[in-house]
Amino acid sequence: MSAVPAIVLVGPMGVGKSTVGQLLAERLGVGYRDTDDDIVAAEGRTIAEIFVDEGEPVFRGIEKRAVQRALAEHDGILALGGGAILDPDTRDLLSGQRVVYLSMDVEEAVKRTGLNAARPLLAINPRKQWRELMEARRHLYAEVAAAVVATDGRTPEEVTQAVLDALEMKEA
């Protein structure tokens, strides 16, 4: 049996995919799943540790398989890691799904994450790294998205409602 997620959330690290995803799941009466959590559970170590121990290419392979599994198995709210959309096969799998790109600017990213060292891709010169990551990824997020919801200056509840409004979905 193949499931179809109700909503797939994409966007940069720290944008609030997990928080908003859990709120959406509650409001829609469905389950919530995060592929980063799946990876940590399956690998028995943090994403930062995988990056340090194995490197980004190995992590991206693990991530691709985790996303494929979650898209096939989960029918609730699904949050993807910030870099999941880098893989062309993953972008193909997202075609036709209800994908929402949660966006934010760099100042909001600083406020939310502190752009700290626990984020392996932001370890050196975090603001510059974040801007470069977003320049490389923004068009990919937009490519897979059925809707874009800005999160800047909004509470998680406001973002949750904006997602539902953007997709014209009713609560359970």
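The preceding data block contains the structure.
The following paragraphs examine the structure supplied in this document.

Rules behind the numbers
- Residues numbered from 1 in each chain as written.
- Predicted model: local features only at pLDDT ≥ 70, side-chain atom pairs only at ≥ 80, totals over all residues.
- Heavy atoms only, no water.
- Helix = DSSP H or I, 4+ residues; strand = E, 2+ residues; numbered from the N terminus.
- Expected span 1.5 Å × (residues − 1).
- Buried < 20%, exposed > 50% of the residue type's maximum accessible area, 1.4 Å probe, protein only.
- Contact = heavy atoms within 4.5 Å.
- Phe/Tyr/Trp six-rings, centres within 6.5 Å; stacked < 30°, edge-to-face > 60°.
- Axes fitted to C-alpha atoms, helices over the stretch in contact; angles between N-to-C directions.
- Parallel < 35°, antiparallel > 145°, perpendicular 65-115°, else oblique.
- Left-handed = near helix turned anticlockwise from the far one by under 90°.
- Nonpolar A, V, L, I, M, F, W, Y, C, P; charged D, E, K, R; others polar.
- Salt bridge = Lys/Arg side-chain N within 4 Å of Asp/Glu carboxyl O.
- Pairing = 2+ DSSP bridges.

1. Quick notes on helix α8 (residues 156-167)
Taking 1.5 Å per residue, 12 residues should reach 16 Å; α8 reaches 17 Å between its end C-alpha atoms and fits that length. Turning to α8, its buried residues number three or more, namely V159, T160, A162, V163, L164 and L167. Along its buried surface, α8 packs onto β1 (7-10), α1 (17-28), β4 (99-103) and β5 (147-150). Downstream of α8 by one or two residues, E168 has phi in the positive range, about 55 degrees.

2. Some thoughts on the packing of aromatic side chains
Two measures describe an aromatic ring pair: the distance that separates the ring centres and the angle between the ring planes. Applying the stated criterion to the full structure yields 2 aromatic pairs. Arranged with centres 5.0 Å apart and planes meeting at 35 degrees, the rings of F51 and F59 form a pair that is tilted. Like F51, the residue F59 is buried in the burial classification.

3. Observations concerning the packing of helix α2 (residues 35-43) against helix α4 (residues 56-73)
Direction vectors running N to C along α2 and α4 enclose 115 degrees, while the axes themselves pass 9 Å from each other. The pairing of α2 with α4 is recorded here as roughly perpendicular in orientation. Read as a crossing pair, α2 and α4 show a hand that is right-handed. Along the contact surface, α2 presents T35, D36, D38, I39 and E43, while α4 presents F59, I62, E63, A66, V67 and A70. Looking at the contact of α2 with α4 residue by residue, the classes come out as 6 nonpolar, 1 polar and 4 charged.

4. Examining the pattern of salt bridges
Evaluated as defined, the whole model comprises 10 salt bridges. Across the pair D38 and R33 runs a salt bridge whose closest N-O atoms are separated by 2.7 Å. Residues R60 and E63 are paired through a salt bridge, measuring 2.8 Å at the closest nitrogen-oxygen approach. Here R60 and its partner E63 are both found in helix α4, 3 residues apart, which amounts to about one turn of the helix. Residue E63 is classed as buried on the basis of its relative accessible area of 3%. Each of E43, R45, D53 and E54 takes part in salt bridges that share partners, so that together they form one network.

5. What about the pairing of β1?
Along β1, one buried face is formed by I7 and L9 and the opposite face, lined by V8 and V10, is buried too. As defined by bridge partners, β1 adjoins strand β3 (residues 77-79) across 3 bridges and the pair is classed as parallel. Across the sheet, I7 pairs through a bridge with I77, a residue of β3. Sheet topology places β1 next to β4; 3 bridges connect them, and they run parallel. From the neighbouring strand, V8 faces β4, where its bridge partner is V99.

6. Comments concerning the environment of G82
Along the chain, the position of G82 falls in the loop between β3 and α5 (88-94). In this structure the C-alpha to C-alpha distance between G82 and V15, which are 67 residues apart in sequence, comes to 9.1 Å. Residues within four places of G82 in sequence aside, it is in contact with G11, M13, K17, R137 and Y141.

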